[in-house]
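Chain residues, written in single-letter form:
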Amino acid sequence: MCLAIPVRVVEIDASGDAGKVDYLGTKIGANFALIRDVRVGDWVIVHAGFAISRLDEAEARETLALLRDVQDAGRS
Amino acid sequence: MTSDLFRDRRVVAGLLSEIAAAAASSSPPVRLMEVCGTHTMTIHRHGLKDLLAQAGVEMISGPGCPVCITPDGFHEAAIRLVTERENLILATFGDMTRVPTRLGSLQAAVPAPGSAVKIVYSPEEALTLARLNPVKDIVFFGAGFETTIPAIVLTAGRAQAEGLKNIAVLTAFWTIPPPLRAIVSSGEIRISGFLYPGHVSAIIGLEPYAFVAREFGLPGAVAGFEPGDILLGVRSVVEQIRAKKPAVVNAYPRVVRPEGNPAAREVMNRFLEPYDALWRGLGRIPASGLRFKPAHAAVDAAVKYALRPAEDASDSPGCRCGEILRGVISPPQCRLFSRSCRPESPRGPCMVSFEGACYVHHKYRGSSPAQRRSRKSHG
Ligand code: SF4
């Protein structure tokens with residue numbers, strides 16, 4: 001019931017409140033009424049059929065950079 | 001936007017050694033409660049429980065499984081509805097149907113003529129059922145925390161807007177901060193800090209946890225759901241312990257905004273009001289549950305069917321789920337664990353839910369991910 005992984009928005013209907021996300025290669029329906037200004041290509045967290053948060057790409061990059069530092073430290 | 005880095009072995013090892021270094025200076029030893037059932041699952045599935053123990057951090061599970069903390073009275077009310085009323089479809093998430101009560105489980109219940117139990121994945125499916133079955137009454141039995149509640153009430157609101165009169169929600173809605181206060185102020189267990197739930201926090205933000213640091217001096221971090229996320233969260237908490245600077249740190253900033261999701265909270269505030277709810281194992285906690293405001297009585301199954309969930313229902317004999325939800329014991333300490341209580345024959349909800357501590361311990365018991373893989377490949 002909880003897709004803890006981010007999924008990509010692939011379709012938004014005319015109302016803007018519903019559409020489809022790509023979940024491991026399958027298009028599944030999702031409701032976007034709880035997040036604002038969603039666009040095709042956005043990454044979102046879907047829970048019980050509803051997107052509850054949009055992934056912040058700048059923050060994601062920063063976390064990955066942090067992990068990369070840890071990885072590099074382990075290589076030395 | 002998913003990355004192997006979150007599961008990379010060198011990353012995991014590196015974070016663990018940083019955690020070990022920070023935890024070594026702590027006396028007494030570090031004990032963290034992970035509040036979210038999905039965290040419990042991640043921690044066990046990836047073998048982090050043992051790895052963290054070796055790094056000097058004991059992880060204990062808390063009240064973060066909505067199926068588990070919903071008292072039997074609610075489950076019994078749902079069973080009564082579908083067995084006593086004709087032409088009623090009770091829609092709910094799958095694990096809710098298998099919770100054993102004095103009346104059996106929803107799954108084993110014999111519905112009244114024309115009635116049925118239906119498993120759904122989203123509350124919107126219940127709305128579809130209501131549109132397709134105008135002569136039947138649909139009741140969505142929804143248990144959840146702040147993550148799930150907005151989706152359910154938004155769906156109820158849509159039903160009202162469409163003028164659908166044949167759908168109502170049996171609410172088992174719980175909020176996360178009040179039980180944390182109950183657990184800490186009871187003094188029943190010693191905790192050095194909290195790993196806060198990632199997706200509940202995506203809705204409520206960081207402020208609702210501030211009292212834990214301010215009033216009780218306990219550190220905490222919001223964490224995501226990859227192994228790297230969990231370890232970043234734990235690292236933050238042990239660093240706060242070492243620095244003696246308890247706070248609420250957001251270790252999952254790619255998903256959680258400090259202010260949470262105001263639109264989702266607005267939906268909750270519009271439809272719901274807090275009440276002093278009864279939790280399994282934790283008893284009655286002030287302002288810890290949410291229910292429909294009187295203005296929305298039309299979609300409130302408790303009003304529509306005059307339901308009063310029994311409050312005298314206790315755990316089935318021998319089941320210690322309540323103590324597990326308070327973090328007082330861990331599942332193997334229950335004498336029924338993995339013996340008469342197993343996922344196929346659960347004696348309590350903690351063995352039913354995929355997020356239940358007993359289920360998770362049973363599924364991943366005594367094995368690292370590598371051992372499980374080799375067991376699988378050898379048949
Ligand atoms: S192992 Fe089963 S009987 Fe024991 S506490 Fe867990 S759910 Fe209850």
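Residues numbered from 1 in each chain as written. Chains lettered and ligands numbered in written order. Predicted model: local features only at pLDDT ≥ 70, side-chain atom pairs only at ≥ 80, totals over all residues. Heavy atoms only, no water.

1. As for the pairing of strand β11 (residues 283-292) of chain B
Residue and element names in this part refer to chain B. Examined bridge by bridge, strand β6 (residues 167-174) and β11 share 2 bridges and lie antiparallel to one another. Looking across to β11, one finds that F173 is bridged to L290. The sheet contact formed by strand β10 (residues 272-279) and β11 spans 7 bridges and is antiparallel. From the neighbouring strand, E273 faces β11, where its bridge partner is R291. Connecting β10 to the next strand, β11, in antiparallel fashion are 3 residues, including G281 with a positive phi near 80°. (Pairing = 2+ DSSP bridges. Helix = DSSP H or I, 4+ residues; strand = E, 2+ residues; numbered from the N terminus.)

2. Topic: the nonpolar core
The nonpolar side chains of a soluble globular protein tend to be buried with one another. Residues and elements named next belong to chain B. Of all hydrophobic cores here, the largest spans 108 residues; its most connected members are L90, F141, F194, Y209 and L272. Summarising the domain contributions, this core has at least three residues from each of domain 1 (1-317) and domain 2 (321-370). With near-sequence residues (within four places) excluded, Y209 lies in contact with I176, L180, Y196, P197, V200, S201, I204, V222 and V248. (Core = buried A, V, L, I, M, F, W, Y, C linked by side-chain atoms within 4.5 Å. Buried < 20%, exposed > 50% of the residue type's maximum accessible area, 1.4 Å probe, protein only. Domains from an automatic or database assignment. Contact = heavy atoms within 4.5 Å.)

3. So, the packing of helix α1 (residues 9-24) of chain B against helix α11 (residues 227-243) of chain B
Geometrically, a packed helix pair is captured by the angle between its two axes and the distance between the axes. All names here are of chain B. Packing of α1 against α11 brings their axes to within 9 Å, and their N-to-C directions diverge by 20°. Regarding the angle of α1 to α11, the classification is roughly parallel. Once α1 is placed against α11, the crossing between them reads as left-handed. Between α1, through V12, L15, L16, E18, I19, A21, A22 and A23, and α11, the contact on the second element is made entirely by P227, G228, L231, L232, V234, R235, V238 and R242. Taken together, the residues of the contact of α1 with α11 break down into 12 nonpolar, 1 polar and 3 charged. (Axes fitted to C-alpha atoms, helices over the stretch in contact; angles between N-to-C directions. Parallel < 35°, antiparallel > 145°, perpendicular 65-115°, else oblique. Left-handed = near helix turned anticlockwise from the far one by under 90°. Nonpolar A, V, L, I, M, F, W, Y, C, P; charged D, E, K, R; others polar.)

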